[in-house]
Amino acid sequence: LLASPRTMGRPLLFLAVTALLLALTARAGALSTHGDSRILAKPTAAAAAGGLPALRSSAAPAPHAVLALRGGAPPLVPLIVAATAAGTFAGVLRLNEDIRTAVMRWLDKNLLRKLPKFGRGKKLRQDVRSTVPWAEELQPSDEISSGCLLVASPDTFRFAGPRQVLDQTAVLLVRHGATGSSGFIINRATQFTVGDVTKKLPMFETNKLFLGGDIGEGVYMIHGIPGLRNATQVSDGLYYGGSEHAMELVQAGKASAEDFRFFFKYTAWAPGALQAEVQAGCWCPVKTSLDFILKPNKHDIHYSKAHKVYWHELLRTLGGRFQNISVDTLTKEEMERMKMEEWVALLQDGSNCSVPDHAFVENGALAMASVVSAIPPALMEKVYALIETVAAAAQQGLEENATPAQTLTALSTEFFRMFTVAPGTGQAPEALLIDSVADTLQGEPLALAPLYVAAARALGVPLQALNCSTQMRGGTDMFLRYDKRPVQEGGDTPLLDGEGRDAMVEDENAVFVSLGHEGTVMTKDECRKILPADQQDDLSMQPMPHVQLYSRVMHRMANAYASINAEQDVLVWLQQIRILQAAINAVTIAHLEEEARRDPEKFRIAQEAARTAAAERQQQVETGGPPRQVFLKDLFADDQVLLNGMGQPVTAADLKGKVVALYFSASWCAPCKSFTPKLIQLHSKLVVAEGKNFEVVFVSVDRDQESFDAYFQQMPWLAVDWTDTELRQSVSNAVQVSGIPKLAIFGEDGALLTEEGRELVLADPMGDKFPWADGVPATTA
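Reading guide: rules and limits
Residues numbered from 1 in each chain as written. Predicted model: local features only at pLDDT ≥ 70, side-chain atom pairs only at ≥ 80, totals over all residues. Heavy atoms only, no water. Phe/Tyr/Trp six-rings, centres within 6.5 Å; stacked < 30°, edge-to-face > 60°. Helix = DSSP H or I, 4+ residues; strand = E, 2+ residues; numbered from the N terminus. Buried < 20%, exposed > 50% of the residue type's maximum accessible area, 1.4 Å probe, protein only. Axes fitted to C-alpha atoms, helices over the stretch in contact; angles between N-to-C directions. Parallel < 35°, antiparallel > 145°, perpendicular 65-115°, else oblique. Left-handed = near helix turned anticlockwise from the far one by under 90°. Contact = heavy atoms within 4.5 Å. Salt bridge = Lys/Arg side-chain N within 4 Å of Asp/Glu carboxyl O. Polar contact = N/O pair within 3.5 Å; in protein donor to acceptor, adjacent residues only side chain to side chain. Pairing = 2+ DSSP bridges. Expected span 1.5 Å × (residues − 1). pLDDT = per-residue confidence, 0-100. Nonpolar A, V, L, I, M, F, W, Y, C, P; charged D, E, K, R; others polar.

Brief notes about the packing of aromatic side chains
Two descriptors summarise a pair of aromatic rings, namely the distance from one centre to the other and the angle between the planes of the rings. Here the structure, examined in full by the defined rule, presents 23 aromatic pairs. Relative to F770, the ring of F694 lies with its centre 5.7 Å away and its plane at 80°, an arrangement referred to as edge-to-face. With F694 in strand β22 (residues 694-700) and F770 in the segment after α27 (757-763), this residue pair connects regions lying 76 residues apart in the sequence. F770 carries the same exposure label as F694, and that label is buried.

Topic: the packing of helix α13 (residues 321-347) against helix α14 (residues 361-372)
It is the contact of α13 with α14, at a shortest axis distance of 10 Å, that shows an interaxial angle of 165°. The orientation of α13 with respect to α14, classified from their angle, is roughly antiparallel. Taken as a pair, α13 and α14 cross one another with a handedness that is left-handed. From α13, K339, E342, W343 and L346 reach across to α14, where they touch N363, G364, A367, M368, S370 and V371.

Considerations on the pattern of salt bridges
All chains considered together, the criterion is met by 14 salt bridges. In this structure, R337 engages E334 in a salt bridge whose closest nitrogen and oxygen atoms are separated by 2.4 Å. Placement of both R337 and E334 in helix α13 is noted, with a separation of three residues, approximately one turn of the helix. Among the salt bridges present, the one from E414 reaches R417, with a minimum N-O distance of 3.1 Å. In this pair, E414 and R417 are both assigned in helix α16 (residues 404-418), three residues apart and thus about one turn of the helix distant. By relative accessible area, R417 is classed as exposed at 60%.

Thoughts on the side chain of E336
Positionally, E336 belongs in helix α13. Polar side-chain contacts of E336 include one of 2.8 Å to the side chain of K332.

Here's the deal with the sheet that holds strand β15 (residues 479-482)
Strand order in the open sheet made by the five strands is β17-β16-β15-β14-β18, with antiparallel pairing throughout. Two strands in the sheet have a free side with no partner beyond their single neighbour: β17 (520-522) and β18 (543-544). For β15 and strand β16 (residues 511-514), the ladder comprises four bridges, and the chain directions are antiparallel. Bridging from a neighbouring strand, Y482 pairs with V511 of β16.

Quick look at α16
Across its 15 residues, α16 extends 21 Å between first and last C-alpha, which sits within 8% of the 21 Å expected from 1.5 Å per residue. Within the span of α16, buried status applies to T407, L408, A410, L411, S412, F415 and F416. Looking at the buried positions of α16, the neighbouring elements they touch are α15 (377-396), β12 (420-421), α18 (445-458), β15, β16 and β17.

Quick word on the pairing of strand β7 (residues 215-223)
Direction of pairing for β7 relative to strand β10 (residues 260-269): antiparallel, over a ladder of six bridges. Of the residues in β10, the one forming a bridge with H223 is F260. Relative to strand β9 (residues 238-241), β7 runs antiparallel, the two sharing two bridges. In the sheet register, H223 faces β9, and the bridge partner there is Y239.

What to know about the confidence of the model for the protein
A residue-level look at the protein finds 73% of positions with pLDDT of 70 or above and a mean pLDDT of 77. Across the protein, the element-wise mean pLDDT spans from 36 in helix α3 (residues 45-50) up to 95 in helix α9 (residues 243-251). Here residues 486-505 scores under 50 on pLDDT; set against residues more than four positions off or in separate chains, the count is 41 contacts. Of the regions scoring below 50 in pLDDT, residues 775-781 engages in 20 contacts with residues more than four places distant in sequence or in other chains.

Things to note about the pairing of β9
As defined by bridge partners, strand β8 (residues 231-235) adjoins β9 across four bridges and the pair is classed as antiparallel. Residue pairing in the sheet places A231 in a bridge with G241 of β9. Taking the residues that link successive antiparallel strands as the turn, the β8-β9 hairpin has two residues, and the phi of G237 there is positive, at about 80°.

Description of α18
With 14 residues, α18 should reach 20 Å at 1.5 Å per residue; the first-to-last C-alpha distance of 20 Å fits that figure. α18 sits mainly inside the fold: twelve of its 14 residues count as buried. Among the residues of α18, those classed as buried are P445, L446, A447, L448, A449, P450, L451, Y452, V453, A454, A455 and A456. Taken from the residues just after α18, G460 is the one with a positive phi, measuring 85°.

Thoughts on unusual backbone geometry
Here L441, not a glycine, exhibits a phi torsion of approximately 60°, which is positive. Mapped onto the secondary structure, L441 falls in the loop between α17 (434-440) and β13 (442-443). For N565, which is not glycine, the phi torsion reads 60° and is therefore positive. Relative to the helices and strands, N565 is located in the loop between α20 (546-563) and α21 (567-598).

A short note on the packing of α14 against α20
One can describe the packing of α14 onto α20 by two numbers: an axis separation of 10 Å at closest approach and a directional angle of 25°. On the basis of the axis angle, α14 is roughly parallel to α20. Read as a crossing pair, α14 and α20 show a hand that is right-handed. Residues V361, G364, A365 and M368 of α14 touch α20, and the partners they reach there are H546, L549, Y550, V553 and M554. A class-by-class count of the residues in the contact of α14 with α20 yields seven nonpolar, two polar and no charged.

Below is the structure:
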């Protein structure tokens, strides 16, 4: 405040402000011994791994802590005066954020609000609020109003489907009232400029464009210049709109293009929705200086990470418990990064193998056990020794040319001589982990599976769990199966990835093992008879990659802790599920990129497949069949209700102008479960990272509501309501669904581009060819 040009040029005002600061400092010095009660203790290790406290505190800070100091009053007075004379008061304030925040709060409440709302009073108020970057939390008694920032609490929106764009963001509230609320995300940078999306603002074509939200399609502008035509005042010194007048000022040299910030889309809430989210701890409303909004610090960093830097800067400026949350969030993210790197290395088995080819299941089981506590080397050696001991004992009684069934029979005999099947109920959650099994030599079938599978692999009989055994509804029984190495149709080249597993040759001589029946070895028909009635189809009996086994264990751990109300442990395991999924995506993308480097014509082949299908349809037309033209508007009426990731309704009218992919899939389908992570990765890159006009609509082929709900929870896009059987059937018929997974892609004009969208996505996993229109002939519409 003292360093302000307006103050330095007026001696009387300078003296008045100095006296005010001396009085405030003296008052604060008497209270400095109480400390700052807002600062929270560091969270436990479990809390750091799982979740962090919400930014919004339920209790107001104690009155005596508002002006808490880290120093003392006497030495601070001459320091302020001396620093003012040197013109470095702004730097001094940055050294003690508690003082700055306290002073600004007092000035705002007791002085600035009482100044006239026009003339010199308005100018002084704006000048004070933009002198030094500052931020403070709104007190519970303060009302949320336009101009405040909404700071997202950590992890609240991190995996919230379409709303994950709000993760670690600050939203400038520009409208708030009885009709609802709206604003712009001010820290979500993009790689685009204004000129990339519109040519109507020639004076601002090189301005950076920020992603303001997930609603609308327009470009919006905020600034701090008063008096612009058609501009709307948000708060003191802050406006939005008035772009035509702004261009005139820039052209005349009266303003700089850098004085204006631009956003693509916006964020909005229905009436009462924002208040509910604030009360739930999703947002923390704060007041800040204008610099935080109009002139944020610039960093030489990739645009996809810029929002994190701003979010942490804002928390550090708020100080107290907010600074602790920033530090803890960084610590947690580093732990997650290290854990994901561990999973990536494990899933690749030390090479560049694909996720379905990952074989060393015991390493994955040890990685899960290390989430609870560090695994000592002696215990790891014990796990490996148990596997070797069981495998060696089974090998001794085998003939040289033993069949897989004979080998597994011998293994079951030795394995269940050492290990005991324990009931799945009444056990502690940790009993599912491999360290507990190795220590007690007992466990339920799901817990025993990694050790049994590892021993079978050592004997040359690789096993995989059945599809039905990896589902949450699969109970405690664990069924495994052995198949000869699957081959591609028409050749003997091993499959390299899960995308071709729907074309595998079925092994009629597959061998099945039931761990729930102490390793009983059986044929497919014998296994089918003891499976539940709803799991006796061929798809339920398909083999699944080991990652599905890990996923089931993690879900079981989360559910077990939830049943005993251990909330922090639930958060830990839910986060581990997400880390595992991220690792699966990373390995899948890396493997596909490696395959593309080895075969640069992969995308061309996918294009040819699309052209061939189009030619076949055209031939049907030429031979007398009716022309086949499919448009999105014929499938969904504008008022057709769709579900989003939060279970809330969205209308099909929101799909207009977007590239829309209809995804026909089901949770029981093995190829679908292999393709879904790839589609999620692509959707995240195009929509969240790049803000592209792309949307996916899930059309379920699941058999029941429960399966649909569980599967849809993993997806960040829209869905047709499972109960609307008629609509699901009509959409399937329109795009001629004969098998799943199937991805039908519609262009921005609503016309069908291709029914072979899955092949195009597999060929272009990073969406570099989006919207893929160049690879599809016009006749496909």
